[in-house]
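Residue-level structural notes
Single-letter residue listing:
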Amino acid sequence: MATTAPIFPDLAGKVALVTGGTSGIGRHAALALADAGAHVVITGRREKEGQAVAAEIARRGVESLFVQGEITDEKHVADAVAQAKALTGTLSFAFNNAGVELANVPTTEATSEQYHKVMDVNVLGVLLSMKHQLRAMAGNAGGGSIVNNASIAGSIAMGGVGIYAASKHAVLGLTKAAALEVSKSGVRINAVSPGGIDSEMLDRFTGGRQQAALDWMTSMHPIGRVGKPEEIAKAVMFLFSSASSFVTGHDLKVDGGFTAQ
Ligand SMILES: NC(=O)c1ccc[n+]([C@@H]2O[C@H](COP(=O)([O-])OP(=O)(O)OC[C@H]3O[C@@H](n4cnc5c(N)ncnc54)[C@H](O)[C@@H]3O)[C@@H](O)[C@H]2O)c1
């Protein structure tokens, strides 16, 4: 029998924060949360895109807010968490998604600037986010759930992606340590590790969608295609919901079989 009931009814009326919500996976996760009835605060650097996504969220009949800033700026991170919590008094969910890629840089050519840029956004950004989110969630009667966006590059690597792979391996380390720290508090912390996903990042990674690069990307996924941002959003929704109530410190790979090879 067809049903219009939301798949994850336990998210309705709760507050979620999505970092890097202005595009790609973050935008789709924010819209999926809104479809489930959650109030959603998104962060990002781009004002126009952020306001546009906030308007898309609001059209779903929930509260929405865009907080502009740099994920490496602790003041911005703390402010976004505070604004999210202020919506209802309780922050229940956070998706730490903001990230940057770096490819085609062999170890012999890597620079300190590249290292600091990627590590600051991908690792420090997640660390600062969890620091303030966990403080905000402390004492939540209904617990909470945090999901960090890692990557298959958190478990494997390819030539030329050393700094990016190091940053995503670090995200998994942060995820596991924090999950253990709060394991008895009712707050669960997990990671999602996408394979190649059709987003602005994939556009850049394939040199502006060059056919040879796209074909190679497709061939690396046993399922026969790259993924869609909404397929990552669904995994994030599962990790937020009570359907995953016994899952913490986990790395959920959503990669079309990439890492099974
Ligand atoms: N697309 C893929 O193939 C893929 C695969 C594995 C993991 N990921 C991860 O998914 C996440 C989202 O990427 P996406 O594919 O949606 O690409 P995207 O480029 O569309 O999204 C990245 C988001 O992070 C934000 N961001 C980047 N640097 C920031 C900074 N300094 N401060 C604040 N926000 C910042 C961007 O504004 C954007 O909203 C990233 O963490 C990425 O590493 C993507």
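Residues numbered from 1 in each chain as written. Predicted model: local features only at pLDDT ≥ 70, side-chain atom pairs only at ≥ 80, totals over all residues. Heavy atoms only, no water.

1. Some points on the site of the ligand
Near the ligand there are 28 residues, and of these Ser23, Asn97, Tyr164, Ile197 and Ser199 occur at the shortest range. In this structure, an oxygen atom belonging to the ligand sits 2.6 Å away from a side-chain N or O atom of Ser199. Calculation on the ligand without its partners gives an accessible area of 820 Å², and the protein chains cover 96% of this total. Of all elements in the fold, only helix 1 (24-35), helix 5 (162-181) and helix 6 (200-205) reach the threshold of two or more residues within the shell around the ligand. Residue contributions to the shell around the ligand peak at 3 residues, all from helix 6. Class assignment for the residues of the shell around the ligand results in 10 nonpolar, 12 polar and 6 charged. (Near = heavy atom within 4 Å. Polar contact = N/O pair within 3.5 Å; in protein donor to acceptor, adjacent residues only side chain to side chain. Areas by Shrake-Rupley, 256 points an atom, 1.4 Å probe, with all protein chains shown as cover. Helix = DSSP H or I, 4+ residues; strand = E, 2+ residues; numbered from the N terminus. Nonpolar A, V, L, I, M, F, W, Y, C, P; charged D, E, K, R; others polar.)

2. A word on the nonpolar core
The nonpolar side chains of a soluble globular protein tend to be buried, and buried together. Ranked by internal contacts, the top residues of the largest apolar core, which has 31 residues, are Leu11, Leu33, Val40, Ile42, Ile57, Phe95 and Phe240. Looking at this core, the elements with two or more residues in it are strand 1 (15-18), helix 1, strand 2 (39-44), helix 2 (47-58), strand 4 (91-96) and helix 8 (229-240). Among all residues touching Ile57, those that are not within four sequence positions of it are Ala30, Leu31, Ala34, Val40, Ile42, Val62, Glu63 and Ser64. In terms of nonpolar packing, the next biggest core, distinct from the first, is built from 24 residues, Leu17, Ile146, Val182 and Val187 among them. (Core = buried A, V, L, I, M, F, W, Y, C linked by side-chain atoms within 4.5 Å. Buried < 20%, exposed > 50% of the residue type's maximum accessible area, 1.4 Å probe, protein only. Contact = heavy atoms within 4.5 Å.)

3. Quick notes on unusual backbone geometry
The phi angle of most residues is negative, glycine excepted, and most peptide bonds adopt the trans form. A positive phi angle is found at Asn104, which is not glycine, with a value near 60 degrees. On the secondary structure map, Asn104 appears in the loop between strand 4 and helix 4 (112-137). Of note, Arg209 is a non-glycine position whose phi angle comes to about 60 degrees, a positive value. Structurally, Arg209 is set in the loop between helix 6 and helix 7 (211-219).

4. Description of helix 3 (residues 74-88)
Counted at 1.5 Å a residue, the expected span for helix 3 with its 15 residues is 21 Å, and the 23 Å between its end C-alpha atoms agrees. Listing the buried residues of helix 3 in full gives His76, Val77, Ala80, Val81 and Ala84. Across the axial projection of helix 3, the buried residues extend over an arc of 135 degrees, all falling on one side. Exposed residues lying more than 90 degrees from the buried face of helix 3 are Lys75 and Ala86. Check the buried side of helix 3 and you find it contacts strand 1, strand 2, strand 3 (64-68), strand 4 and helix 4. Looking one or two residues past helix 3, Gly89 carries a phi angle of roughly 100 degrees, positive in sign. (Expected span 1.5 Å × (residues − 1). Arc of directions from axis to C-beta.)

5. Topic: the pattern of salt bridges
Under the counting rule described, the total for this entry stands at 9 salt bridges. Close ionic contact of Glu56 with Arg27 constitutes a salt bridge, the shortest N to O distance being 2.9 Å. One end of the pair, Glu56, is in helix 2; the other, Arg27, is in helix 1, and 29 residues separate them in sequence. For Glu56, a relative accessible area of 17% corresponds to the buried category. (Salt bridge = Lys/Arg side-chain N within 4 Å of Asp/Glu carboxyl O.)

So, to be careful, I would describe these as geometric facts and stop short of saying anything about function.
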